[in-house]
Amino acid sequence: MAWTEYTNGLFSLNDFDTVQYGSDGNDQVGPVSGFYFVPPAPGDDYLEGNLGNDTLNGWGGNDVLVGVDPDYFNAGADEYDRLNGGSGYDTFVLGDIYEAYYQGNGYAIVEDFDQAYDFLAVHGSSSDYTFTTGSDVIGGSANDTILNYQGDIVAILEDTTVNLNTGDFFFL
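These numbers were taken from a predicted model, which means no experiment stands behind them.

Time to look at the overall build of the protein chain. A tally of regular secondary structure across the protein chain gives 1 helix and 13 strands. In sequence order, the protein chain lays out its α and β elements as α-β-β-β-β-β-β-β-β-β-β-β-β-β. Buried positions account for 47% of the 172 residues belonging to the protein chain. Once local pairs closer than 6 in sequence are excluded, the contacts in the protein chain between residues at least 24 apart make up 60%.

Structure, rendered in structure tokens:
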């Protein structure tokens, strides 16, 4: 995978202090209850899941979280990934220049989206996306924000109700 092509030139793997990849199956990548697959640095990290339901946990710093293996066509189908960036300016990748992830069955659960600091990297343009708020779908008792790509749920922003605007997105 050529990361610079994958993100339309926004990032390079050389920009990160830690790069971690999951394996096929259900993975936990990043800090997990005091155990680390690779000890995470409190800097900027790139975390990528793989096939299956993955949990990605960032650390302090500006992290990029990709719950799927972007090398596969229809990435994210039948996957339910949990993404948590931790503190910092984080980017939750929900698509690339080729496709939106999590189409059909499956979606990403973004546990800690903060509109003041975080971004969603998505495929397509703003006209492809709608969002709904006002119901508690997952997590605690707070309402969630559901992000739809052409009518299909691709992400749930857990326990946060925000009015998303184009400043919250990187369109790839």
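Judged from the 3 bridges that link them, strand β8 (residues 106-110) and strand β12 (residues 152-157) form a sheet pairing that is parallel. Each residue of the ladder has a partner; that of Val110, found in β12, is Leu157. Alignment of strand β11 (residues 144-149) against β12, held across 5 bridges, turns out to be antiparallel. Pairing of Thr145 across the sheet is with Leu157, part of β12. Hairpin geometry of β11 and β12 is characterised by an intervening segment of 2 residues between the two adjacent antiparallel strands and by a positive phi of about 50 degrees at Gln150.

What follows covers the confidence of the model for the protein chain. Put simply, the protein chain has an average pLDDT of 78, and 76% of its residues get 70 or more. Confidence over residues 1-18 falls short of pLDDT 50; this stretch has 54 contacts with residues more than four positions distant or in other chains.

This part is about the packing of aromatic side chains. The final tally for this structure, using the stated rule, is 7 aromatic pairs. Considering the side-chain rings of Tyr129 and Phe169, the 6.1 Å spacing of their centres and the 35 degrees angle between planes classify their relative orientation as tilted. Linking Tyr129 in strand β10 (residues 129-135) with Phe169 in strand β13 (residues 169-171), this pair joins segments that are 40 residues apart in sequence. When sorted by exposure, Tyr129 lands in the same class as Phe169, which is buried. Between Phe169 and Phe171, the aromatic rings sit 5.3 Å apart at their centres with planes inclined by 25 degrees, giving stacked as the arrangement. Classification of Phe171 by relative accessible area gives partly exposed; the value is 27%. An aromatic cluster is built from Tyr129, Tyr149, Phe169 and Phe171, whose rings are joined through pairwise contacts.

Moving on, we get to the pattern of salt bridges. A full pass over the atoms with the stated rule returns 2 salt bridges. A salt bridge links Arg82 to Glu111; the shortest N-O distance between them is 2.6 Å. Taken together, the positions of Arg82 in strand β6 (residues 79-84) and Glu111 in the loop between β8 and β9 (119-122) put the pair 29 residues apart, joining distant regions of the chain. Take Arg82: its relative accessible area is 25%, and that puts it in the partly exposed class.

Of all 6 residues making up β11, 6 are buried, and the element is well covered by its neighbours. The alternating pattern of β11 places Asp144, Ile146 and Asn148 on one face and Thr145, Leu147 and Tyr149 on the opposite face, and all of these are buried. Pairing analysis gives 6 bridges linking β10 to β11, with the strands arranged antiparallel. Looking at β11, one finds that Phe131 is bridged to Leu147.

This part covers the environment of Ser126. With respect to the element layout, Ser126 can be found in the loop between β9 and β10. Residues Ser126 and Thr166 lie 40 residues apart in sequence; the distance between their C-alpha atoms is 6.8 Å.

Rules and cut-offs
- Residues numbered from 1 in each chain as written.
- Predicted model: local features only at pLDDT ≥ 70, side-chain atom pairs only at ≥ 80, totals over all residues.
- Heavy atoms only, no water.
- Helix = DSSP H or I, 4+ residues; strand = E, 2+ residues; numbered from the N terminus.
- Buried < 20%, exposed > 50% of the residue type's maximum accessible area, 1.4 Å probe, protein only.
- Contact = heavy atoms within 4.5 Å.
- Pairing = 2+ DSSP bridges.
- pLDDT = per-residue confidence, 0-100.
- Phe/Tyr/Trp six-rings, centres within 6.5 Å; stacked < 30°, edge-to-face > 60°.
- Salt bridge = Lys/Arg side-chain N within 4 Å of Asp/Glu carboxyl O.

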